[in-house]
Amino acid sequence: MKENIQLLKPKIDVVFHSLFRVGNENITKAIISAVTKEKINKIDLNNDRHILGKYPEEKLGILDLRATLDNGTICNIEVQLADNKDTAERFLYYWSRIYSSQLVKGDDYAKINKVIGIIILDYEFEKTREVESLSTKWKIKEVSTGKEIQLTDVFELYIIEIPKSKRILKEDANNKLAQWMLFLNDPNEKEVSKIMNRNKEIEEAMNELEEMSKDEELRRVAELREKAIRDEKNGLRHARQDGIEEGIKEGIKKVVRKMKKEKYPDEVIAELTELTIEEVKKIK
(Lines give C-alpha, C1' and ligand atoms only; values in the text may rest on other atoms or scores of the structure.)
Protein backbone atom coordinates (compact mmCIF):
# COMPACT_ATOMS: atom_id res chain seq x y z
CA MET A 1 0.00 0.00 0.00
CA LYS A 2 1.56 3.29 -1.06
CA GLU A 3 -0.04 5.51 1.57
CA ASN A 4 -1.36 4.96 5.09
CA ILE A 5 -5.01 5.22 4.09
CA GLN A 6 -8.00 3.16 5.14
CA LEU A 7 -9.19 1.59 1.91
CA LEU A 8 -12.84 1.51 0.97
CA LYS A 9 -14.37 -1.96 0.94
CA PRO A 10 -15.17 -3.07 -2.63
CA LYS A 11 -18.05 -5.28 -1.45
CA ILE A 12 -20.01 -2.08 -0.72
CA ASP A 13 -22.01 -1.82 -3.95
CA VAL A 14 -21.23 1.83 -4.68
CA VAL A 15 -17.49 1.11 -4.36
CA PHE A 16 -17.81 -2.11 -6.39
CA HIS A 17 -19.33 -0.24 -9.34
CA SER A 18 -16.79 2.55 -9.11
CA LEU A 19 -13.98 -0.01 -9.27
CA PHE A 20 -15.24 -2.36 -12.00
CA ARG A 21 -16.22 0.42 -14.40
CA VAL A 22 -15.53 1.39 -17.99
CA GLY A 23 -11.78 1.87 -18.23
CA ASN A 24 -11.07 -0.96 -15.81
CA GLU A 25 -11.92 -3.80 -18.17
CA ASN A 26 -8.79 -5.77 -17.33
CA ILE A 27 -9.67 -6.34 -13.67
CA THR A 28 -13.32 -6.95 -14.56
CA LYS A 29 -12.26 -9.66 -17.02
CA ALA A 30 -10.07 -11.17 -14.30
CA ILE A 31 -12.80 -11.47 -11.68
CA ILE A 32 -15.32 -12.91 -14.17
CA SER A 33 -12.71 -15.39 -15.39
CA ALA A 34 -12.01 -16.40 -11.79
CA VAL A 35 -15.71 -17.19 -11.38
CA THR A 36 -16.36 -18.98 -14.69
CA LYS A 37 -12.86 -20.49 -15.04
CA GLU A 38 -12.93 -19.51 -18.72
CA LYS A 39 -10.46 -17.35 -20.62
CA ILE A 40 -11.96 -14.01 -21.65
CA ASN A 41 -10.25 -12.12 -24.43
CA LYS A 42 -12.43 -9.04 -24.65
CA ILE A 43 -15.15 -7.42 -22.59
CA ASP A 44 -17.53 -4.50 -23.10
CA LEU A 45 -18.93 -2.80 -20.03
CA ASN A 46 -22.25 -0.99 -19.95
CA ASN A 47 -21.38 2.68 -19.51
CA ASP A 48 -24.63 3.40 -17.67
CA ARG A 49 -23.86 1.23 -14.66
CA HIS A 50 -21.59 3.64 -12.75
CA ILE A 51 -24.13 5.89 -11.01
CA LEU A 52 -23.93 7.38 -7.53
CA GLY A 53 -26.91 8.37 -5.45
CA LYS A 54 -26.84 11.20 -2.96
CA TYR A 55 -28.33 9.42 0.03
CA PRO A 56 -28.07 5.90 1.49
CA GLU A 57 -31.81 5.23 1.26
CA GLU A 58 -31.74 5.74 -2.49
CA LYS A 59 -31.13 2.81 -4.83
CA LEU A 60 -27.73 4.37 -5.64
CA GLY A 61 -28.41 4.04 -9.31
CA ILE A 62 -28.34 0.60 -10.94
CA LEU A 63 -26.64 -1.75 -8.54
CA ASP A 64 -25.74 -4.63 -10.84
CA LEU A 65 -22.75 -4.66 -13.15
CA ARG A 66 -23.38 -5.82 -16.70
CA ALA A 67 -20.72 -6.88 -19.19
CA THR A 68 -20.79 -8.41 -22.67
CA LEU A 69 -18.08 -10.98 -23.29
CA ASP A 70 -16.28 -11.51 -26.61
CA ASN A 71 -18.61 -14.36 -27.62
CA GLY A 72 -21.75 -12.27 -27.05
CA THR A 73 -22.54 -13.74 -23.64
CA ILE A 74 -24.06 -11.24 -21.24
CA CYS A 75 -22.68 -11.37 -17.73
CA ASN A 76 -24.51 -9.72 -14.84
CA ILE A 77 -22.85 -9.35 -11.43
CA GLU A 78 -24.45 -8.23 -8.19
CA VAL A 79 -23.20 -8.09 -4.64
CA GLN A 80 -25.79 -8.73 -1.92
CA LEU A 81 -24.78 -7.89 1.64
CA ALA A 82 -28.05 -8.42 3.54
CA ASP A 83 -29.87 -11.75 3.61
CA ASN A 84 -33.51 -11.04 2.74
CA LYS A 85 -34.29 -14.78 2.50
CA ASP A 86 -35.33 -14.41 -1.15
CA THR A 87 -31.93 -14.83 -2.80
CA ALA A 88 -32.86 -17.53 -5.32
CA GLU A 89 -36.18 -16.00 -6.39
CA ARG A 90 -34.72 -12.51 -6.63
CA PHE A 91 -31.89 -13.45 -8.96
CA LEU A 92 -33.94 -15.73 -11.15
CA TYR A 93 -36.22 -12.75 -11.67
CA TYR A 94 -33.28 -10.48 -12.53
CA TRP A 95 -31.82 -13.09 -14.86
CA SER A 96 -35.14 -13.49 -16.70
CA ARG A 97 -35.46 -9.73 -17.22
CA ILE A 98 -32.00 -9.51 -18.77
CA TYR A 99 -32.62 -12.58 -20.93
CA SER A 100 -36.02 -11.44 -22.22
CA SER A 101 -34.91 -7.83 -22.80
CA GLN A 102 -32.69 -9.00 -25.67
CA LEU A 103 -35.72 -9.60 -27.91
CA VAL A 104 -38.02 -7.08 -29.52
CA LYS A 105 -41.26 -8.01 -31.28
CA GLY A 106 -40.59 -10.10 -34.38
CA ASP A 107 -37.05 -11.13 -33.44
CA ASP A 108 -35.83 -14.70 -33.82
CA TYR A 109 -35.28 -16.59 -30.55
CA ALA A 110 -32.05 -17.91 -32.01
CA LYS A 111 -30.61 -14.40 -31.64
CA ILE A 112 -30.79 -14.54 -27.86
CA ASN A 113 -27.37 -14.67 -26.22
CA LYS A 114 -26.42 -16.67 -23.17
CA VAL A 115 -26.86 -14.83 -19.86
CA ILE A 116 -24.61 -15.58 -16.91
CA GLY A 117 -25.71 -14.39 -13.49
CA ILE A 118 -23.03 -13.97 -10.82
CA ILE A 119 -24.27 -13.36 -7.29
CA ILE A 120 -21.70 -12.51 -4.63
CA LEU A 121 -23.16 -12.93 -1.14
CA ASP A 122 -21.76 -11.52 2.09
CA TYR A 123 -23.42 -14.36 3.98
CA GLU A 124 -23.75 -18.13 3.68
CA PHE A 125 -26.60 -19.14 1.39
CA GLU A 126 -29.09 -21.33 3.26
CA LYS A 127 -29.48 -23.83 0.40
CA THR A 128 -25.72 -24.43 0.10
CA ARG A 129 -24.74 -24.13 3.76
CA GLU A 130 -23.47 -27.73 3.78
CA VAL A 131 -21.57 -27.31 0.49
CA GLU A 132 -17.87 -26.69 1.11
CA SER A 133 -17.19 -25.01 -2.24
CA LEU A 134 -16.83 -21.24 -2.37
CA SER A 135 -18.92 -21.11 -5.55
CA THR A 136 -21.82 -23.16 -6.87
CA LYS A 137 -22.85 -23.30 -10.54
CA TRP A 138 -26.50 -23.76 -11.53
CA LYS A 139 -27.98 -24.89 -14.84
CA ILE A 140 -31.24 -26.34 -16.15
CA LYS A 141 -30.95 -30.13 -16.39
CA GLU A 142 -33.27 -33.13 -16.61
CA VAL A 143 -33.23 -35.10 -13.37
CA SER A 144 -35.71 -38.00 -13.63
CA THR A 145 -33.65 -40.24 -15.96
CA GLY A 146 -30.30 -39.58 -14.29
CA LYS A 147 -28.71 -38.95 -17.72
CA GLU A 148 -27.70 -35.34 -16.99
CA ILE A 149 -29.43 -33.97 -20.10
CA GLN A 150 -29.03 -30.20 -20.30
CA LEU A 151 -32.11 -28.39 -21.61
CA THR A 152 -30.19 -25.30 -22.73
CA ASP A 153 -26.85 -23.61 -22.23
CA VAL A 154 -28.22 -20.04 -22.24
CA PHE A 155 -28.89 -20.16 -18.48
CA GLU A 156 -26.00 -20.15 -16.03
CA LEU A 157 -25.99 -18.90 -12.47
CA TYR A 158 -23.09 -18.70 -10.04
CA ILE A 159 -23.57 -18.12 -6.32
CA ILE A 160 -20.44 -17.16 -4.39
CA GLU A 161 -20.31 -16.89 -0.59
CA ILE A 162 -17.67 -14.47 0.71
CA PRO A 163 -17.55 -15.96 4.26
CA LYS A 164 -16.14 -19.22 2.84
CA SER A 165 -13.16 -17.53 1.17
CA LYS A 166 -10.73 -17.58 4.14
CA ARG A 167 -11.16 -21.31 4.67
CA ILE A 168 -10.71 -22.01 0.95
CA LEU A 169 -7.51 -19.92 0.86
CA LYS A 170 -6.07 -21.88 3.77
CA GLU A 171 -6.57 -25.04 1.72
CA ASP A 172 -5.40 -23.53 -1.57
CA ALA A 173 -3.47 -20.24 -1.44
CA ASN A 174 -3.58 -19.98 -5.26
CA ASN A 175 -7.37 -20.13 -5.58
CA LYS A 176 -8.02 -16.97 -7.61
CA LEU A 177 -11.70 -16.71 -6.80
CA ALA A 178 -11.01 -16.90 -3.06
CA GLN A 179 -8.29 -14.28 -3.51
CA TRP A 180 -10.78 -11.93 -5.17
CA MET A 181 -13.40 -12.51 -2.48
CA LEU A 182 -10.92 -11.74 0.31
CA PHE A 183 -10.00 -8.52 -1.53
CA LEU A 184 -13.66 -7.55 -1.94
CA ASN A 185 -14.39 -8.28 1.70
CA ASP A 186 -11.62 -6.14 3.17
CA PRO A 187 -8.55 -5.00 1.20
CA ASN A 188 -7.04 -3.66 4.44
CA GLU A 189 -6.26 -7.21 5.63
CA LYS A 190 -2.58 -8.17 5.66
CA GLU A 191 -3.31 -11.36 3.73
CA VAL A 192 -4.42 -9.25 0.74
CA SER A 193 -0.92 -7.74 0.49
CA LYS A 194 0.50 -11.27 0.16
CA ILE A 195 -2.11 -12.12 -2.46
CA MET A 196 -1.01 -9.14 -4.58
CA ASN A 197 2.36 -10.82 -5.07
CA ARG A 198 0.60 -13.81 -6.66
CA ASN A 199 -2.23 -12.06 -8.47
CA LYS A 200 -1.26 -9.10 -10.67
CA GLU A 201 -4.87 -8.20 -11.49
CA ILE A 202 -5.65 -7.82 -7.77
CA GLU A 203 -2.53 -5.66 -7.47
CA GLU A 204 -3.94 -3.54 -10.31
CA ALA A 205 -7.33 -3.38 -8.56
CA MET A 206 -5.60 -2.38 -5.31
CA ASN A 207 -3.78 0.49 -7.01
CA GLU A 208 -7.07 1.72 -8.47
CA LEU A 209 -8.80 1.36 -5.10
CA GLU A 210 -6.09 3.41 -3.39
CA GLU A 211 -6.81 6.31 -5.74
CA MET A 212 -10.57 5.90 -5.31
CA SER A 213 -10.21 5.92 -1.53
CA LYS A 214 -8.83 9.46 -1.69
CA ASP A 215 -12.07 10.69 -3.24
CA GLU A 216 -13.92 12.42 -0.37
CA GLU A 217 -17.31 12.35 -2.12
CA LEU A 218 -17.07 8.63 -2.86
CA ARG A 219 -15.91 7.95 0.70
CA ARG A 220 -18.85 9.93 2.11
CA VAL A 221 -21.39 8.07 -0.03
CA ALA A 222 -19.74 4.69 0.70
CA GLU A 223 -19.84 5.33 4.46
CA LEU A 224 -23.51 6.33 4.28
CA ARG A 225 -24.26 3.25 2.19
CA GLU A 226 -22.42 0.96 4.61
CA LYS A 227 -24.38 2.44 7.52
CA ALA A 228 -27.67 1.92 5.64
CA ILE A 229 -26.76 -1.73 4.97
CA ARG A 230 -25.77 -2.22 8.62
CA ASP A 231 -29.11 -0.77 9.73
CA GLU A 232 -30.92 -3.03 7.26
CA LYS A 233 -29.15 -6.11 8.66
CA ASN A 234 -30.04 -5.12 12.22
CA GLY A 235 -33.66 -4.56 11.20
CA LEU A 236 -33.86 -7.97 9.57
CA ARG A 237 -32.27 -9.65 12.58
CA HIS A 238 -34.72 -8.03 14.99
CA ALA A 239 -37.68 -8.84 12.74
CA ARG A 240 -36.67 -12.51 12.59
CA GLN A 241 -36.16 -12.69 16.35
CA ASP A 242 -39.59 -11.15 16.91
CA GLY A 243 -41.05 -13.71 14.51
CA ILE A 244 -39.36 -16.59 16.32
CA GLU A 245 -40.60 -15.37 19.68
CA GLU A 246 -44.11 -14.92 18.35
CA GLY A 247 -43.98 -18.41 16.86
CA ILE A 248 -42.90 -19.90 20.18
CA LYS A 249 -45.74 -18.14 21.98
CA GLU A 250 -48.27 -19.40 19.46
CA GLY A 251 -46.85 -22.91 19.76
CA ILE A 252 -47.20 -22.87 23.55
CA LYS A 253 -50.80 -21.68 23.23
CA LYS A 254 -51.60 -24.62 20.95
CA VAL A 255 -50.08 -27.04 23.47
CA VAL A 256 -52.07 -25.49 26.32
CA ARG A 257 -55.33 -25.72 24.35
CA LYS A 258 -54.67 -29.37 23.57
CA MET A 259 -53.86 -30.18 27.21
CA LYS A 260 -57.02 -28.41 28.36
CA LYS A 261 -59.04 -30.40 25.85
CA GLU A 262 -57.57 -33.56 27.39
CA LYS A 263 -58.64 -32.33 30.87
CA TYR A 264 -55.19 -31.66 32.32
CA PRO A 265 -55.41 -29.57 35.52
CA ASP A 266 -54.27 -25.93 35.16
CA GLU A 267 -51.56 -26.52 37.77
CA VAL A 268 -50.04 -29.37 35.71
CA ILE A 269 -50.22 -27.36 32.47
CA ALA A 270 -48.51 -24.42 34.16
CA GLU A 271 -45.71 -26.63 35.48
CA LEU A 272 -45.10 -28.31 32.10
CA THR A 273 -45.23 -25.12 30.01
CA GLU A 274 -43.50 -22.87 32.59
CA LEU A 275 -46.47 -20.47 32.46
CA THR A 276 -48.23 -19.04 35.50
CA ILE A 277 -51.65 -20.45 36.40
CA GLU A 278 -53.15 -17.04 35.53
CA GLU A 279 -51.57 -17.19 32.05
CA VAL A 280 -52.89 -20.73 31.53
CA LYS A 281 -56.42 -19.66 32.51
CA LYS A 282 -56.39 -16.78 29.98
CA ILE A 283 -55.72 -19.16 27.07
CA LYS A 284 -59.03 -20.31 25.58
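Residues numbered from 1 in each chain as written. Predicted model: local features only at pLDDT ≥ 70, side-chain atom pairs only at ≥ 80, totals over all residues. Heavy atoms only, no water.

## A look at the nonpolar core
Heads up, the condition is: Nonpolar cores were defined as sets of buried Ala, Val, Leu, Ile, Met, Phe, Trp, Tyr and Cys residues, with membership established by side-chain atoms within 4.5 Å. Think of it in three bands: with a 1.4 Å probe and only protein chains considered, a residue is buried below 20% of the maximum accessible area for its type, exposed above 50%, and partly exposed in between. Where helices and strands are cited, they refer to DSSP runs of H or I of at least four residues and of E of at least two residues respectively, numbered from the N terminus. Between two residues, a contact is recorded if the distance between any of their heavy atoms is within 4.5 Å.
Within the largest apolar cluster, 53 residues are counted, with the highest numbers of intra-cluster contacts made by Phe20, Ile32, Ile118, Ile120, Trp180, Met181 and Phe183. For this core, the element with the highest residue contribution is helix α5 (residues 176-185), accounting for 7 residues. Contact partners of Ile32, with chain neighbours within four places excluded, come to Ile40, Ile43, Ala67, Leu69, Cys75, Ile77 and Ile118. One finds Ile74, Leu121, Phe155 and Ile159 within the second-largest nonpolar core, a separate group that totals 12 residues.

## Some thoughts on the sheet that holds strand β2 (residues 65-69)
Put simply, the test is: Two strands pair if DSSP finds at least two bridges between them. To obtain an axis, a line is fitted to C-alpha atoms, over the contacting stretch when the element is a helix, and the angle between two such axes runs from 0 to 180 degrees between their N-to-C directions.
Taken in spatial order, the 6 strands make up an open sheet running β1-β2-β3-β4-β6-β5, and their pairing is mixed. Lying at the two open borders of the sheet, with one neighbouring strand each, are β1 (43-45) and β5 (135-138). Mean inter-strand twist for the sheet, computed between neighbouring axes without regard to direction, equals 20 degrees. In the sheet, β1 pairs with β2 via 3 bridges, with the strands oriented antiparallel. If you follow Asp44 over to β2, its bridge partner there is Thr68. Running over the sheet, helix α3 (residues 87-100) touches β2, β3 (74-80), β4 (115-121) and β6 (155-161) and is turned about 150 degrees from β3.

## Description of helix α6 (residues 190-198)
Spelled out, the test is: In this context, the arc is that of the directions from the helix axis out to the C-beta atoms.
Of all the positions in α6, only Val192, Ile195 and Met196 are classed as buried. For α6, the angular spread of buried residues about the axis comes to 110 degrees, placing them on one side. Along α6, the residues that are exposed and aim more than 90 degrees away from the buried face are Lys190 and Asn197. On its buried face, α6 sits against α4 (165-171), α5 and α7 (200-212).

## What about the side chain of Ser165?
Positionally, Ser165 belongs in helix α4. With relative accessibility at 2%, the residue Ser165 sits in the buried group. Not counting residues within four places of it along the chain, the set of residues in contact with Ser165 comprises Leu134, Ala178, Met181 and Leu182.

## Remarks on the packing of α5 against α6
Worth spelling out the cut-off: An angle below 35 degrees is treated as roughly parallel, one above 145 as roughly antiparallel, one from 65 to 115 as roughly perpendicular, and anything else as oblique. Crossing handedness is read from the near helix: turned anticlockwise from the far helix by less than a right angle, it gives a left-handed crossing, and turned clockwise, a right-handed one.
Running from amino to carboxyl end, α5 crosses α6 at an angle of 140 degrees, the nearest separation of the two axes being 10 Å. In terms of axis orientation, α5 runs oblique to α6. Every pair of crossing elements has a handedness; the one defined by α5 and α6 is left-handed. Residues Gln179, Leu182 and Phe183 of α5 pack against Glu191, Val192, Ile195 and Arg198 of α6.

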